[in-house]
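Below, each chain spelled out in residue letters.
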Amino acid sequence: MTTASRGRGLLVAAVAVMVCAGAPMPAAAQEPVPTVFFGDSHTANFGIAPVFEAWDPQEYYCFRSEENYPAVVAKELAAQGITLDVASDRSCSAALIEHFWTSQPLPGGESKPPQQEALGHGTRLVVGSLGDNTLGFVQILQQCSRRLRELGETLPGDPVDPDDPAERCAAFFTVGDGRRWLDSRFATVAEELERLFDTIGAYSPDAETVLVGYPRIVPADIVKCQTPAPGQTDKPLADIPTEALPVFDNILERLNDLMRAKTDDAGAVFVDLYTVTGANTACDGDHRGIGGLFENSQLNFGTTPLPWVLHPNTRGRDLQAHHVATAIRQALDS
């Protein structure tokens, strides 16, 4: 199977389940389940403190939270009598799909080995998210936000076409070169997701695979995005043009639809977070599960606060954990 290997990572150094307790315990989960988590900043839960082994540059630059959703899922399932024997959590911010089978470069000359190295023939459960960085999420944001472009090297990557004004990004991604670029990125994601499932099958042929989609960022009612969240001065999506918000939402929905289709083709399990998080978008005020584009997260880089850059906050993390734990329980019970 061929695979294109281009894409930009999302955010690196300087900016980057409750299941009913009375439900019957799955027979397959009566013994500890050898488990591997993989993924990008959405699995690592960038922005949520504390960072796992922050003293180690190889770990720090992944910005993986000690309380990311894999950790929360394991605790919640343990309370239900289901023990995940987590061999490894390889999630790392900025990971592309290809970093499942190739090394991931990190700042300072560091790198992370391929995430597939955590797999083995004894692995029975593989869970995580990959896809939005391969799609070019950071490039799409930079194409639509002049403020992000002005950050320069603090946010890795470049807009798709720096000569095209951010103010017209809705039209850019709808027709012409911008639309062709977007279609090419989706083609790459499709090819690499197929390879991802093939790789998991080759390394862990008896494993149940759970691919986790991405939560919704823009609500159906985009008027809500014109009001800053309580305690904030910036609008949730800052200077991204209003007319671009439906386009941005359509891109994210299309990504989740593609992930679902490839998951179904592979006979795996898909967790559709987009569908179930419509009331917890970045524009839902006190109920938001997504931190605003420039809203300060729980992390600092030195003394400089790092923004969420549209990642799940703790409420969003808990929503991820709830739906992933439910999917795992159902998968183990099938």
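Right above here is the structure, for reference.
Computed from a prediction, not measured in an experiment: that's the story for all the values here. Just so you know, the residues in each chain are numbered from 1, in the order the chain's sequence is written. Given that this is a predicted model, residues contribute local features only at a pLDDT of at least 70 and side-chain atom pairs are listed and counted only at 80 or more, while totals for whole chains, interfaces and linings are drawn from all residues. Values shown for side chains rest on all heavy atoms present in the structure; no hydrogens or waters enter the calculation.

Asks: Is there a simple way to explain the packing of aromatic side chains in this structure?
Replies: The relative placement of two aromatic rings is captured by the distance of their centres and the angle of their planes. Here a pair means two rings of Phe, Tyr or Trp (six-membered ring of Trp) with centres within 6.5 Å. Their orientation is stacked below 30 degrees between planes, edge-to-face above 60, and tilted elsewhere. Going through the model one piece at a time under the given rule, you end up with eight aromatic pairs. When the ring of F172 is compared with that of F173, the centres are 5.0 Å apart and the planes differ by 85 degrees; the resulting orientation is edge-to-face. F173 shares its class with F172; the two are buried. On the basis of an interplanar angle of 50 degrees and a centroid distance of 6.1 Å, the ring pair of F173 and W181 is categorised as tilted. Each of the two residues, F173 as well as W181, counts as buried. One aromatic cluster is present, formed by F46, Y60, Y61, F63 and F301 through successive ring pairs. Taking NZ or CZ as reference, R147 lies 4.0 Å from the ring centre of F294, over its face. When the ring centre of F186 is taken as origin, the NZ or CZ atom of R254, which lies over that ring, is 3.8 Å away. Only protein chains enter the accessibility calculation, which uses a 1.4 Å probe; a residue is then buried when its area is under 20% of its type maximum, exposed when over 50%, and partly exposed in between. We call a charge positioned over a ring when the NZ of a Lys or the CZ of an Arg lies within 6 Å of the ring centre and within 35 degrees of the ring normal.

Asks: Could you clarify how one ought to interpret the nonpolar core in this entry?
Replies: Most often, soluble globular proteins have nonpolar side chains that are buried together. The biggest cluster of nonpolar side chains holds 57 residues, and the ones touching the most others in it are L141, L196, I217, L237, F248, L293 and L310. Where helices and strands are cited, they refer to DSSP runs of H or I of at least four residues and of E of at least two residues respectively, numbered from the N terminus. Mapped by element, the contributors of at least two residues to this core are strand 1 (33-39), helix 5 (137-144), helix 7 (169-172), helix 8 (176-203) and helix 9 (245-265). No other element matches helix 8, which puts nine residues into this core. Contact definition: two residues touch when any of their heavy atoms are within 4.5 Å. Other than its neighbours up to four places away in sequence, L310 contacts H42, L141, I217, P236, L237, F248, A282, I290, G291, G292 and L293. Formed by 20 residues, the second largest nonpolar core is a distinct cluster that contains F37, L125, L273 and V324. Put simply, buried Ala, Val, Leu, Ile, Met, Phe, Trp, Tyr and Cys residues joined by side-chain atoms within 4.5 Å make one nonpolar core.

Asks: Teacher, can you tell me more about the pairing of strand 6 (residues 208-212) here?
Replies: Two faces make up the sheet, and in a regular strand the side chains alternate between them. Summarising burial for strand 6: four of the five residues are buried, a large majority. Pairing between strand 5 (residues 125-129) and strand 6: four bridges, direction parallel. If you follow V127 over to strand 6, its bridge partner there is V210. Criterion used throughout: strands pair if DSSP finds at least two bridges between them. Bridge analysis of strand 6 against strand 7 (residues 269-271) gives three bridges, and the strand direction is parallel. Along strand 7, the bridge assignment pairs V210 with V269.

Asks: Can you walk me through the environment of C225 in this structure?
Replies: Summarising the element assignment, C225 is placed in the loop between strand 6 and helix 9. Take C225: its relative accessible area is 2%, and that puts it in the buried class. When the C-alpha positions of C225 and T242 are compared, they lie 8.3 Å apart, and in sequence the two are 17 residues distant. Beyond its immediate sequence surroundings of up to four residues, C225 is in contact with V218, P219, K235, P236, L237, L245 and C283.

Asks: Explain the pairing of strand 8 (residues 296-301) here, please?
Replies: Sheet topology note: the strand 8/strand 9 (residues 304-307) ladder contains three bridges and is antiparallel. Along strand 9, the bridge assignment pairs F301 with T304. In this structure, the hairpin formed by strand 8 and strand 9 is closed by a connection of two residues, where G302 is found at a positive phi of approximately 70 degrees.

Asks: What's the story with helix 9 in this structure? I'm lost.
Replies: Take the residue count of a helix, subtract one, and multiply by 1.5 Å to get its expected span. An ideal rise of 1.5 Å per residue puts 30 Å on 21 residues; helix 9 measures up with 30 Å between its terminal C-alpha atoms. Within helix 9, burial applies to L245, V247, F248, D249, I251, L252, L255, N256, L258, M259, K262 and T263. Within two residues after helix 9, G267 carries a phi angle of roughly 70 degrees, on the positive side.

Asks: How should the sheet that holds strand 6 be read in this particular structure?
Replies: Sheet architecture is open: five strands sit in the order 2-1-5-6-7, paired in parallel fashion. The open sheet is flanked by strand 2 (84-89) and strand 7, the only strands paired with a single partner. Looking at each pair of strands side by side, their axes are set apart by 20 degrees on average, direction ignored. When strand 1 meets strand 5, the two strands line up parallel, connected through five bridges. Axis angles are defined between N-to-C directions and span 0 to 180 degrees, where every axis is a line fitted to C-alpha atoms and, for a helix, only to the segment in contact.

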